[in-house]
Amino acid sequence: MPLNDCKINTKQVANYVFLPEIIKLINEGHTVTLPLRGFSMRPFLEDGRDKAILKYAENITVGDVVLAELAPGKFVLHRIISIKDTENVTLLGDGNTSPEYCRLTDIKGRAIGFYRKGNCRPDFTSGAKWRIYSWWWMRFRPIRRYLLFIYRHIFIK
C-alpha cells in the first residue's frame, strides 16, 4: 500500500456515551481535542468541521467557552455571559439567541483553543484573533439575531 494512501475510519458515538469519558480524561489533567457537533457556536465554529481543545475548568470568567452538563447526559459548549452569586452561570452559544443556565459545578471543561477550517495550527483563546472576535460578538448580542439571519441565508451554501 502506498504511504500517501491513508484511509481513516470514523465512528460517531452519542454524546451521552462519549462525553463522560472525555470528562474523565479532563479531570485526570489531560488536554483533549474534541470534534464539534451542532450549530450553536456559529458563525465562528461549525458542525463537523472544527475541533475544540479542552482542559480542566479553573479560574472561569465571563467570556470563556466551556463544556457544561445542563442535565444528565445533555452537554453544551457555550460561552459564559454572566456568573451570579459566585455559583449560577448563564451560558449562550454564539449562534443562539436565548441563554441556558447551569451551576459552576456543572462546568466540566474550558476551551483553550480551536482547530478551525481544517487548519493544523489552533486559534488559542488567549490569542488576539479570538479575543477581538469575542469582544465584538458579545457586544453584538442585541442585533445578533439579524446578523445570524444574514449569515445563514447568504454565507451558508
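Residues numbered from 1 in each chain as written. Predicted model: local features only at pLDDT ≥ 70, side-chain atom pairs only at ≥ 80, totals over all residues. Heavy atoms only, no water.

(A) Quick peek at the overall build of the protein. Secondary structure summary: the protein contains three helices and eight strands in total. Moving toward the C terminus, one meets the helices and strands of the protein in the order α-β-β-β-β-β-β-β-β-α-α. The globule rule puts the C-alpha radius of gyration for 157 residues at 15 Å, and the 16 Å found for the protein is close to it. Counting only C-alpha atoms and orienting by the principal axes, one finds that the protein spans roughly 60 × 40 × 30 Å. Of all intrachain contacts in the protein linking residues separated by at least 6 positions in sequence, the fraction that spans at least 24 positions is 50%. Accessible surface for the protein amounts to roughly 10,200 Å². Of this, 55% is attributable to carbon and sulfur atoms. (Helix = DSSP H or I, 4+ residues; strand = E, 2+ residues; numbered from the N terminus. Rg over C-alpha atoms; globule rule 2.2 N^0.38 Å. Contact = heavy atoms within 4.5 Å. Areas by Shrake-Rupley, 256 points an atom, 1.4 Å probe, with all protein chains shown as cover.)

(B) Quick peek at the pairing of strand E6 (residues 100-103). Side chains of E6 alternate between two faces, with Glu100 and Cys102 buried and Tyr101 and Arg103 left unburied. Judged from the four bridges that link them, strand E5 (residues 88-92) and E6 form a sheet pairing that is antiparallel. Bridge pairing in E6 links Leu91 to Glu100. (Buried < 20%, exposed > 50% of the residue type's maximum accessible area, 1.4 Å probe, protein only. Pairing = 2+ DSSP bridges.)

(C) Region of interest: helix H1 (residues 15-27). Its 13 residues place the ends of H1 17 Å apart at the C-alpha level, agreeing with the 18 Å of an ideal helix rising 1.5 Å per residue. Among all positions of H1, only Leu19, Ile22, Ile23 and Ile26 are buried. End-on view of H1: buried residues confined to an arc of 105°, all on one side of the axis. Residues of H1 that are buried sit in contact with strand E1 (32-35), strand E2 (51-55), strand E3 (65-71), strand E4 (74-84) and strand E7 (107-115). Taken from the residues just after H1, Gly29 is the one with a positive phi, measuring 100°. (Expected span 1.5 Å × (residues − 1). Arc of directions from axis to C-beta.)

(D) Spatial organisation of the nonpolar core. If you look at the biggest cluster of nonpolar residues, it comprises 22 residues, and the most contacted ones within it are Leu54, Val65, Leu77 and Phe114. Breaking this core down by element, the ones donating at least two residues are H1, E1, E2, E3, E4, E7 and helix H2 (128-139). Per-element accounting of this core gives the leading share, four residues, to H1. (Core = buried A, V, L, I, M, F, W, Y, C linked by side-chain atoms within 4.5 Å.)

(E) Spatial organisation of the side chain of Ser82. Position of Ser82 among the secondary structure elements: in strand E4. In this structure Ser82 comes out as buried when scored by relative accessible area, which is 17%. If sequence neighbours within four positions are ignored, Ser82 has contacts with Val62, Asn88, Val89 and Thr90.

(F) View of the packing of aromatic side chains. Enumeration according to the criterion identifies five aromatic pairs in this entry. Taken together, Phe44, Phe114, Trp130 and Tyr133 form an aromatic cluster joined through their ring pairs. Directly above the aromatic system of Phe44 lies the positively charged group of Arg116, at a separation of 3.8 Å from the ring centroid. (Phe/Tyr/Trp six-rings, centres within 6.5 Å; stacked < 30°, edge-to-face > 60°. Lys NZ or Arg CZ within 6 Å of the ring centre and 35° of its normal.)

(G) Geometry of the environment of Glu100. By the element assignment, Glu100 lies in strand E6. The spacing of Glu100 and Leu70 is 30 residues in sequence and 8.0 Å in space, taken between C-alpha atoms. Within polar-contact distance, the side chain of Glu100 engages the side chain of His78 at 3.0 Å. (Polar contact = N/O pair within 3.5 Å; in protein donor to acceptor, adjacent residues only side chain to side chain.)

(H) Spotlight on the pairing of E3. Bridge analysis of E3 against E4 gives six bridges, and the strand direction is antiparallel. Bridge pairing in E4 places Leu67 opposite Leu77. Counting the residues that bridge the hairpin from E3 to E4 gives two residues, and of these Gly73 lies at a positive phi of roughly 85°. Relative to E7, E3 runs antiparallel, the two being bridged by three bridges. When the sheet's bridge partners are listed, Leu67 is paired in E7 with Gly109.

What is shown is where atoms sit, not what they do.
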